[in-house]
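# Structural description and commentary
What follows is each chain in one-letter form.
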Amino acid sequence: MCDIASSLEYHDLTESDVEEVVAFMAEHFYPREPVSTGLHMTYEDNKEWIHGSVREWVRSGVSVVARDPAKGQIAGTILATILTRNQSNTYECALTSPKTKVRTLHTVLSVLEEAVDFFARYEEVDRILELAMITVSEEYSGRGVGKKLVQESEARGRALGCQLATAQATAVPSQRLLLRLGYEVLYTLDYGTFQIAGDRVFDMDCMLGTPSAKVMARHIDRK
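Computed from a prediction, not measured in an experiment: that's the story for all the values here.

### Some remarks on the pattern of salt bridges
The final tally for this structure, using the stated rule, is 12 salt bridges. The closest approach of N and O atoms between Glu-20 and Arg-67, which form a salt bridge, is 3.1 Å. One end of the pair, Glu-20, is in helix α2 (residues 18-28); the other, Arg-67, is in strand β2 (residues 64-68), with 47 residues separating them in the sequence. Residue classification places Glu-20 among the partly exposed residues on the basis of a relative accessible area of 34%.

Below, the structure written as structure tokens:
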């Protein structure tokens, strides 16, 4: 039986990948990501910020693309960045968007990112690998590609001095993946009760079976 994950090529996300990765996410990430579906958001709602964010993730040196060499197509991608004590957040930039849905999305992501003060909790840590988005196409799902992408990003983060890896896991599949890889749940946000200005924001009928988001972490500088 062919080991699909090992047969793929894994390379750093580059500027030349940006448009293809954005199109890949439009097809494979947003329709299956509960925060987006629960807010009735589409790729079109995210166009104003996603291109710039992907380019930022290019510069991070820890984002990875998995490509099927036989077909020449993207099988999956992990978008990540490095947080430091001087730059400890990712999502503030879109909070001033004129679109209500975009502001709501990034309010949720900011709440998750700020829920755990990692630099206070782990005093020995000064560089953190933050896993922002993990996407694997349906064709390659369940074949170890997500696991390999996380491991590839972790290896790059470790080489750049990161001691801890974190994620705001918003969907059950990513939560299960990270738990299997040894990540610990440090905070849980319940979608059904989450409110902004006294109003519940998620359509729970559209959450794809995911009741909550989880902030997760694991040390990557230890054997």
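### Some words on the sheet that holds strand β1 (residues 9-12)
Pairing is mixed across the open sheet formed by 7 strands, whose spatial order is β1-β2-β3-β4-β5-β9-β6. The open sheet has two free edges, formed respectively by β1 and β6 (184-190), since each of these has just one partner strand. Across this sheet, the average inter-strand angle for adjacent strands is 20°, counted without regard to direction. Strand direction decides the pairing type here: strand β4 (residues 127-136) and strand β5 (residues 164-169), joined by 4 bridges, are parallel. Residue pairing in the sheet places Ile-128 in a bridge with Leu-164 of β5.

### Remarks on the side chain of Thr-77
Relative to the assigned elements, Thr-77 resides in strand β3 (residues 73-84). Take Thr-77: its relative accessible area is 0%, and that puts it in the buried class. At 3.0 Å, the side chain of Thr-77 forms a polar contact with the backbone oxygen of Val-64. Look past the residues within four positions of Thr-77 in its chain and what remains in contact with it is Val-21, Phe-24, Val-64, Val-65, Met-133, Ile-134, Thr-135 and Leu-149.

### So, the packing of helix α4 (residues 43-60) against helix α5 (residues 100-114)
With their axes 9 Å apart at the nearest point, α4 and α5 run at an angle of 65° to one another. In the crossing of α4 with α5, the sense of the turn from one axis to the other is right-handed. Mapping the contact onto sequence places Asp-45, Asn-46, Glu-48 and Trp-49 in α4 and Lys-101, Val-102, Leu-105 and His-106 in α5.

### Comments concerning the packing of aromatic side chains
Taken as a whole and judged by the stated rule, the model has 5 aromatic pairs. Aromatic side chains Tyr-30 and Tyr-43 sit 6.4 Å apart centroid to centroid with 45° between the ring planes, which places their arrangement in the tilted category. Taken together, the residues Tyr-30 in the loop between α2 and α3 (34-38) and Tyr-43 in helix α4 connect sequence positions 13 residues apart. Like Tyr-30, the residue Tyr-43 is buried in the burial classification. Centroid distance Tyr-191 to Phe-202: 4.9 Å. Interplanar angle 65°. Geometry classified as edge-to-face. Highlighted residues: Tyr-191 in the loop between β6 and β7 (195-196) and Phe-202 in the loop between β8 (199-200) and β9 (212-219), separated in sequence by 11 residues. What makes Tyr-191 buried here is its relative accessible area of 1%.

Basis of the calculations
Residues numbered from 1 in each chain as written. Predicted model: local features only at pLDDT ≥ 70, side-chain atom pairs only at ≥ 80, totals over all residues. Heavy atoms only, no water. Salt bridge = Lys/Arg side-chain N within 4 Å of Asp/Glu carboxyl O. Helix = DSSP H or I, 4+ residues; strand = E, 2+ residues; numbered from the N terminus. Buried < 20%, exposed > 50% of the residue type's maximum accessible area, 1.4 Å probe, protein only. Pairing = 2+ DSSP bridges. Axes fitted to C-alpha atoms, helices over the stretch in contact; angles between N-to-C directions. Polar contact = N/O pair within 3.5 Å; in protein donor to acceptor, adjacent residues only side chain to side chain. Contact = heavy atoms within 4.5 Å. Left-handed = near helix turned anticlockwise from the far one by under 90°. Phe/Tyr/Trp six-rings, centres within 6.5 Å; stacked < 30°, edge-to-face > 60°.

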